[in-house]
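Coordinate analysis (summary)
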Amino acid sequence: MTESAERRTADVSDVTGQQSEGGLQRIVNTQPFWVLVALIIICIFMGTISDTFLSERNLFTTTRNFAFMAIVALGMTTVIVTGGIDLSVGSVMGLSGIMAGITLAAGYPLWFGLGACLLSAMAAGAVNGFIIAYFRMSPFVVTLGMLAIARSLALVVSNNRMFYEFGPDQPLFLAIGGGRTFGLANPVWALIVLTLIFMWLYRYSTWGRYVFAIGGNYEAAKLSGVPVERVIVSVYVVSSLMAGIASFLMVGWLGSVTNALGQTYELQVIAATVIGGANLMGGSGYAIGAPIGAALVEVIRNSLLLAGVDPYWQGTFLGGFIILAVLLERIRGRRSE
Amino acid sequence: MAVLELRRISKSFGAIRALEAVDLTIGGGEVIGLMGDNGAGKSTLVKIIAGNFPPTSGAMLIDGAEVHFSKPIEARRRGIEIVYQDLALCDNLTAAANVFLGREVKRWFGPIRYLDHKSMYDRTAEIFSELKSETRPRDVVRRMSGGQRQAVAIARTRLSDPKLVLMDEPTAAISVRQVAEVLDLIRRLKETGHAVVLISHRMPDVFAVCERVAVLRRGRKVADKPITDSSPEEVTALITGALHEA
């Protein structure tokens, strides 16, 4: 009796070191929180040294610019949580944007153009997901292949033409992507709604639970009866769908589309995702990290421009931030172990 | 009636005969130790019972009815739960999420189905208190001790109230104090009427909790007797082949 009582107390003291944190503590421990802090500091700093940075006009443009990136980053976060990667999002944007452009230019109504845009995107995602899930091929290789394929298909379909006349629904199409509602650009509203949906899915849906389980331990998820293959296919379809949605809005904003739409966009999106706290090893990530990470990438880009830094340097900063973000994650991971 | 009965189970991988005509009968609420050296066929036997792959020949009966499994999920549906050697847990999820993985409790809100976190936390807490484990449902598995991980893995098996729990080397990689915890968990399973097959290398564990011990050597069953009629020395001799049969 005394022995078991003693053991029980030993257990309790053991456990105190591993308490589950309270709500506030849990938020403070996440990467998106610290990135948000950094973001606010940069914004305050830029606001004091530049008159234009906090101008309504600049804020409007900046939020709209990162909205496209963040929408794609929501899908990318989901892929990365499963331990995968999707390099094809930029090319899928090109292909689906061309599909929207060519159907609208041919005089089809807006819903048809939207359907063509999203379905072509999802088809590319389904091919990615199917090969990755059922042939167990590396996501890196498969989506790298799709990066080339989707871009080439965009060229084939468009025959290297530019589309800028979008048929009978042109005003509506341009208003959806380029307009504003209650002072915010429409893509920002799309981002807000999609972020809330993803937050809900991650926390309250079986699908979200399975996405994290697969990233945590693929074999365990499979042994537990999780339909791992189907979930993986769905994750790549969702990633491409987000690319399609971003592309539809972007073409409406730009007012024209060429097959080069979204070229090298995957790099910015992956940067935003990783900075937003998604771990490239899989198993952890935050829906809210996508807009926060994208905002940081865009604000830094914008700040460099306002500071008069040659735009040729942007790639250097972007690449540097990806490496830095992964490095910080690595250091944090080592400390928590 | 026997919960599980194996009749002349054999398994070959190409030219290698992993199991040869193994018979094994497990009664309700019985705790049986399955011992043998590396390569004796223990893992192969567990994988057949668990439904990872079918035997080359022989029959498997649950409650007297013959069964054929091609996937682990089929074995689980028939009341066989497995605690894998590497525990098969998702480190990034909470204890409760692991316990309910693949069997989440959901609620309807109009047409929308969502995870019922509260009832999963509550049920997990209940199971842990039945197991007299201090593990907490909201803790993330990554930060748990080996004993707590065992408790999570065992709690998983309690969800469906299985007939038989197979435990593959549950004490292989944990500290002495945690071993005692795990053995307590096994006793708790027995008290609640669950049959347990304990696959282990560790003689003291088997003699502490099992009623019967079966020994495999080179794919054959060389002994199957009550623990009270045997001794660690005899079992060691059987495992190594110093003693041929008992």
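Residues numbered from 1 in each chain as written. Chains lettered and ligands numbered in written order. Predicted model: local features only at pLDDT ≥ 70, side-chain atom pairs only at ≥ 80, totals over all residues.

Within chain B, the regular secondary structure consists of eight helices and 12 strands. Taken over the C-alpha trace, chain B has a radius of gyration of 19 Å; the compact-globule value for 246 residues is 18 Å, and the two agree within 12%. When its C-alpha atoms are laid out on the principal axes, chain B stretches across 65 × 40 × 35 Å. Within chain B, buried positions represent 45% of all 246 residues. (Helix = DSSP H or I, 4+ residues; strand = E, 2+ residues; numbered from the N terminus. Rg over C-alpha atoms; globule rule 2.2 N^0.38 Å. Buried ≥ 20, exposed ≤ 12 C-beta atoms within 10 Å, placed from the backbone.)

This paragraph deals with the UniProt feature "transmembrane region" (unreviewed entry) in chain A. Residues and elements named next belong to chain A. The feature "transmembrane region" (unreviewed entry), as annotated in UniProt, sits at residues 33–54, 66–85, 141–160, 181–202, 231–255, 267–292 and 312–328 in this numbering. Structurally, residues 141–160 is divided into 90% helix and 0% strand, and its ends, taken at the C-alpha atoms, are 27 Å apart. Taken end to end, residues 231–255 is 96% helix and 0% strand, and its two terminal C-alpha atoms sit 36 Å from one another. (UniProt positions renumbered as here; feature names shortened; annotations may be inferred.)

Once that is clear, we can look at the sheet that holds strand S2 (residues 16–27) of chain B. Spatial strand order, S2-S1-S4-S5 (chain B): four strands in an open sheet with antiparallel pairing. Two strands in the sheet have a free side with no partner beyond their single neighbour: S2 and strand S5 (65–66) of chain B. (Pairing = 2+ DSSP bridges.)

In this complex, chain B contributes 22 residues to the contact, which on the side of chain A involves 24 residues. Split by residue class, the side of chain B that touches chain A holds 11 nonpolar, three polar and eight charged. (Contact = placed C-beta atoms within 7 Å. Nonpolar A, V, L, I, M, F, W, Y, C, P; charged D, E, K, R; others polar.)

Residues and elements named next belong to chain B. One ladder, built from six bridges, connects strand S11 (residues 212–217) with strand S12 (residues 220–226); its direction is antiparallel. Among the inter-strand pairings, Ala 214 is bridged to a residue of S12, identified as Asp 224. Hairpin geometry of S11 and S12 is characterised by an intervening segment of two residues between the two adjacent antiparallel strands and by a positive phi of about 45° at Arg 218.

Per-residue pLDDT for chain B has a mean of 85; in total, 98% of the residues score no lower than 70. For this predicted complex, the interface confidence score (ipTM) comes to 0.78, while the overall pTM stands at 0.84. (pLDDT = per-residue confidence, 0-100.)

We now examine unusual backbone geometry. With phi around 50°, Phe 182 of chain A is a residue other than glycine that occupies positive phi space. If you trace the backbone, Phe 182 of chain A turns up in the loop between strand S1 (180–181) and strand S2 (184–185). With a phi angle near 45°, Arg 218 of chain B is a residue other than glycine that sits in the positive phi range. Note on placement: Arg 218 of chain B falls in the loop between S11 and S12. Assessed through the 15 C-beta atoms surrounding it within 10 Å, Arg 218 of chain B is described here as partly exposed.

All names here are of chain A. Running from N to C, helix H3 (residues 31–49) and helix H14 (residues 289–306) point in directions that differ by 25°, and their axes come no closer than 10 Å. Our classification of the angle between H3 and H14 gives roughly parallel. Between H3 and H14 lies a crossing whose hand is left-handed. From H3, Gln 31, Pro 32, Val 35, Leu 36, Ala 38, Leu 39, Ile 42, Cys 43 and Met 46 reach across to H14, where they touch Gly 289, Ile 292, Gly 293, Ala 295, Leu 296, Val 299, Ser 303 and Leu 306. By residue class, the composition of the contact of H3 with H14 is 13 nonpolar, four polar and no charged. (Axes fitted to C-alpha atoms, helices over the stretch in contact; angles between N-to-C directions. Parallel < 35°, antiparallel > 145°, perpendicular 65-115°, else oblique. Left-handed = near helix turned anticlockwise from the far one by under 90°.)

With that settled, consider the sheet that holds strand S3 (residues 31–36) of chain B. Residue and element names in this part refer to chain B. With respect to topology, six strands assemble into an open sheet ordered S6-S9-S10-S3-S11-S12, the strand pairing being mixed. Two strands lie at the open edges of the sheet, namely strand S6 (80–83) and S12, each paired on one side alone. Pairwise comparison of adjacent strand axes, ignoring direction, gives a mean angle of 15° for this sheet. One ladder, built from five bridges, connects S3 with S11; its direction is parallel. Residue Met 35 lies in a different strand from S11, and its bridge partner there is Val 215. The strands touched by helix H6 (residues 176–191) are S3, strand S9 (164–168) and strand S10 (195–199); relative to S10, the strand with the most contacts, the crossing angle is about 150°.

Let us now look at helix H5 (residues 146–158) of chain B. For the α-helix, the turn length of 3.6 residues means that residues three or four positions removed from each other point alike. Residue and element names in this part refer to chain B. Its 13 residues give H5 an end-to-end C-alpha distance of 19 Å, which sits within 8% of 18 Å, the value for a rise of 1.5 Å per residue. With respect to burial, H5 is a largely interior element, 12 of its 13 residues being buried. Turning to H5, its buried residues number three or more, namely Gly 147, Gln 148, Arg 149, Gln 150, Ala 151, Val 152, Ala 153, Ile 154, Ala 155, Arg 156, Thr 157 and Arg 158. On the buried face of H5, the contacting elements are S6, helix H3 (95–99), helix H4 (117–130), S9 and H6. (Expected span 1.5 Å × (residues − 1).)

What follows concerns the packing of helix H8 (residues 170–178) of chain A against helix H12 (residues 228–254) of chain A. In a packed pair of helices, the relevant descriptors are the angle between the two axes and the axis-to-axis distance. All names here are of chain A. H12 packs onto H8 with a crossing angle of 110° between their chain directions and a minimal axis gap of 7 Å. Accordingly, the angle class assigned to the pair H8 and H12 is roughly perpendicular. The residues of H12 that touch H8, namely those facing Phe 173, Leu 174, Ile 176, Gly 177 and Gly 178, are Leu 249, Met 250, Val 251, Gly 252 and Trp 253. Across the contact of H8 with H12, the residue classes tally to seven nonpolar, three polar and no charged.

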